[in-house]
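A structural walkthrough
Each chain, letter by letter, is given below.
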Amino acid sequence: MDDISEVSPAGFSRALSSYWPPFAALNSRAGNEITIVRGEGSVVWDAHGESYIDASASLWYANVGHGRTEIADAVRAQLATLAAYSNFGNFATEPTERLAARVAGLAPLDDPLVFFTSGGSDAVDSAVKIVRRYWTLVGRPEKTGVISRNHAYHGMHGFGTALAGIEPNGTGYGTSVTGGFSRVAHDDVDDLQANIERIGPDRVGAVFVEPVIGAGGVIPPELGYLEALRKLCDEYDVLMVADEVISGFGRLGTWFGCERFDVRPDLLLGAKGITSGYIPLGAVVASQRVWEPFRAADTLFRHGYTYSGHAAACAAALANLDIIENEHLLERVQKLEPVLAGALAGLVEHDLVEEVRHVGLLGAVEFIHTEPDLVNRVVAGARRHGILTRVLPGDSIQLSPPFVITEGQIDAIASAIRAALDDIDL
Ligand SMILES: Cc1ncc(COP(=O)(O)O)c(C=O)c1O
């Protein structure tokens, strides 16, 4: 605490101790805070001046790297002109319109419209509402059922919590929003089909799917799985909702994960990489099939957020997309994919490693399950060796570095994990 207040304005440590942080155990956190104060490219610095390679791009979002003044300048210009204004009803702000056109042009959906939200969880909850309104508008209001997969993470709002395939994330909140939600095996289309049959196709409205399961442990799809899921959705007249909050905007070397796996969803959700996290923003991209009944009915869709399409957030997104295009970062991700694969392959032989998984610039190392607390010790050890990563379910750690990471830094990440493993005395 003393060290922190030395580098911070007066009162900062008091403010820290007043803070209730997300996904934290309040008791064990106290006194162990890691305060990150600065970032540049793939490197961040803590309040003590220690530098770390950001192996997770913070929470999967710092895709164009930290400290990009181009985005700061674009946001500053927009803030000075008009920070934001209502986008409800007939109102609109210019960057919002421009970003919608740009995202609609990139997304692999038929003639889409883009509904902006404040983040990924908002996008998930908005999508569930859009799905249920859609089916009501086309005269099939009983198709309220929504299916997700084991290990899925769809944010922590009400509907997202009901969709949670990471068991502890979905328990302890009562049953108020969970009606109509069910889960299936993450890798088995037959299980999905059996579930649709069990519920009755007339009562199922949508399947939510992350192209690559992210927060549930970085689990790429089995070969052909997503294509088979798309086919099944067509067969049973069920909407396919691709949650691309992690995979969207380049993480897999294509603008969207659905492109990489050659499927076209009915709805696609984005957040994180849309601004590389410089300002919170999310989006629901809806195909014409989905938005057309809303237009035809000409009724008010009573849903939206104060900051839906926030002008300064959209300005950040536009500058972020410029960087991805101008610096050819999709091609860079494609080039780095085998580098990450090679670095992880070198870890597989370690006695404490169970397996590694990867696709694009997204990976996980899973450790053996017989040593309690091993994964936490690896994360702490990696930090001592200059790498920030974090624990995922299934005794895994997350690797999702910024797209601007260098080959040398990828090697440094693998070396730090190896060194952390070698430090462990069992
Ligand atoms: C696939 C997926 N969906 C939704 C979310 C929720 O996004 P947010 O935390 O911005 O609300 C996340 C966050 O990690 C995610 O990975």
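Residues numbered from 1 in each chain as written. Predicted model: local features only at pLDDT ≥ 70, side-chain atom pairs only at ≥ 80, totals over all residues. Heavy atoms only, no water.

**Points about the domain arrangement of the protein**
What the domain assignment reports for the protein is domain 1 (34-64 + 328-423) and domain 2 (70-326). Distance between the C-alpha centres of domain 1 and domain 2: 27 Å. In this assembly, 26 residues from domain 1 lie in contact with 30 residues from domain 2. Here domain 1 packs against domain 2, burying approximately 2300 Å² in sum over the two surfaces, 64% of which is carbon and sulfur. Here domain 1 and domain 2 share 1 salt bridge between them. (Domains from an automatic or database assignment. Contact = heavy atoms within 4.5 Å. Buried area = accessible area lost by both parts, 1.4 Å probe. Salt bridge = Lys/Arg side-chain N within 4 Å of Asp/Glu carboxyl O.)

**Observations concerning the packing of aromatic side chains**
A complete count under the given rule lists 6 aromatic pairs for this structure. One aromatic cluster is present, built from ring pairs that chain together Phe115, Phe294 and Phe301. The positively charged end of Arg38 is found above the aromatic ring belonging to Trp45, 3.9 Å away from the centroid. (Phe/Tyr/Trp six-rings, centres within 6.5 Å; stacked < 30°, edge-to-face > 60°. Lys NZ or Arg CZ within 6 Å of the ring centre and 35° of its normal.)

**Considering the site of the ligand**
Taken together, Gly119, Gly120, Ser121, Tyr153, His154, Gly155, Glu210, Asp243, Val245, Ile246 and Lys272 make up all the residues around the ligand. Note that an oxygen atom of the ligand is positioned 2.6 Å from one of the side-chain N or O atoms of Ser121. With respect to the ligand, the side chain of Lys272 contributes an N or O atom lying 3.0 Å from an oxygen atom. In terms of residue class, the shell around the ligand is built from 3 nonpolar, 5 polar and 3 charged. (Near = heavy atom within 4 Å. Polar contact = N/O pair within 3.5 Å; in protein donor to acceptor, adjacent residues only side chain to side chain. Nonpolar A, V, L, I, M, F, W, Y, C, P; charged D, E, K, R; others polar.)

**A closer look at the nonpolar core**
Ranked by internal contacts, the top residues of the largest apolar core, which has 68 residues, are Leu99, Ile274, Val365, Phe367, Val378 and Ile417. For this core, the element with the highest residue contribution is helix α14 (residues 311-326), accounting for 10 residues. Residue contributions to this core reach at least three from each of two domains, namely domain 1 (34-64 + 328-423) and domain 2 (70-326). When near neighbours in sequence (up to four residues on either side) are disregarded, Phe367 contacts Leu352, Val353, Glu354, Leu374, Val375, Val378, Asp395, Ile397, Ile417 and Leu421. (Core = buried A, V, L, I, M, F, W, Y, C linked by side-chain atoms within 4.5 Å. Buried < 20%, exposed > 50% of the residue type's maximum accessible area, 1.4 Å probe, protein only. Helix = DSSP H or I, 4+ residues; strand = E, 2+ residues; numbered from the N terminus.)

**Points about a negative patch on the surface**
Taken together, the side chains of Asp187, Asp188, Asp190 and Glu222 define an acidic patch exposed on the protein surface. Residue position: Asp190 is located in helix α10 (residues 189-199). Since its relative accessible area comes to 56%, Asp190 is described here as exposed. (Patch = residues over 30% accessible without salt bridge, like charges linked within 9 Å, V, L, I, M, F, W, Y side chains within 5 Å. Areas by Shrake-Rupley, 256 points an atom, 1.4 Å probe, with all protein chains shown as cover. Lys, Arg positive; Asp, Glu negative; His and termini not counted. Charge placed at Lys NZ, Arg CZ, Asp CG, Glu CD.)

**Re a nonpolar patch on the surface**
A cluster of nonpolar residues, Leu82, Tyr85 and Phe91, forms a patch on the protein surface that exposes about 320 Å² of accessible area. Mapped onto the fold, Phe91 is located in the loop between α5 (69-82) and α6 (94-106).

**Details of the side chain of Asn169**
Structurally, Asn169 can be placed in helix α9 (residues 167-170). Its relative accessible area of 14% is what places Asn169 among the buried residues. Residues contacting Asn169, with those up to four places away along its chain left out, are Phe23, Tyr153, Met156, Thr161 and Ala164.

**Looking at the packing of helix α15 (residues 329-348) against helix α17 (residues 407-423)**
Relative to each other, α15 and α17 sit at 20°, their axes nearing to 10 Å. Here α15 lies roughly parallel to α17, going by the angle between them. At the point where α15 passes α17, the crossing takes the right-handed sense. Counting all contacts with α15, which are made through Lys335, Leu336, Val339, Leu340, Ala343, Gly346 and Leu347, the residues of α17 involved are Glu407, Ile410, Asp411, Ala414, Ile417 and Arg418. By residue class, the composition of the contact of α15 with α17 is 8 nonpolar, 1 polar and 4 charged. (Axes fitted to C-alpha atoms, helices over the stretch in contact; angles between N-to-C directions. Parallel < 35°, antiparallel > 145°, perpendicular 65-115°, else oblique. Left-handed = near helix turned anticlockwise from the far one by under 90°.)

**Describing the side chain of Asn87**
Within the secondary structure, Asn87 sits in the loop between α5 and α6. Polar contacts involving the side chain of Asn87 include one to the main-chain carbonyl oxygen of Ser308, which spans 3.2 Å. Among all residues touching Asn87, those that are not within four sequence positions of it are Ala92, Thr93, Thr96, Ser308, Gly309 and His310.

**Notes on the sheet that holds strand β10 (residues 282-286)**
Reading across the sheet, the 7 strands line up as β4-β10-β9-β8-β7-β5-β6 and stay open at both edges, with mixed pairing between neighbours. Strands with a single pairing partner mark the edges of an open sheet, and in this sheet they are β4 (113-117) and β6 (181-184). Taking the axes of each pair of neighbouring strands and ignoring which way they run, one obtains an average angle of 20° across the sheet. As paired elements, β4 and β10 share 5 bridges and run antiparallel to each other. Paired with Val114 across the two strands is Val285, which belongs to β10. Across the sheet, α10 is in contact with β5 (145-149), β6 and β7 (204-209); its angle to β6 comes to roughly 150°. Relative to β10, helix α13 (residues 288-297) is tilted by about 85°, and along the sheet it contacts β4, β8 (239-243), β9 (267-270) and β10. (Pairing = 2+ DSSP bridges.)

**Some details on the environment of Ala72**
Positionally, Ala72 belongs in helix α5. Distance in space between the C-alpha atoms of Ala72 and Gly346 is 38 Å, their sequence separation being 274 residues.

**Points about the layout of surface pockets**
Its volume calculated, the second largest pocket comes out at about 1100 Å³. Lining of the second largest pocket is provided by 31 residues; of these, Asn87, Gly89, Val114, Phe115 and Phe301 occupy positions nearest its centre. Taken together, the elements giving at least two residues each to the lining of the second largest pocket come down to α6, β4 and α13. A total of 5 residues in the lining of the second largest pocket trace back to one element, the largest contributor, which is α6. (1 Å grid on protein atoms, 1.4 Å probe; cavity = no way out; pocket = protein on both sides within 12 Å on 5 of 7 lines; lining within 4 Å. Points joined across faces, edges and corners; volume = space filled by probe spheres on them.)

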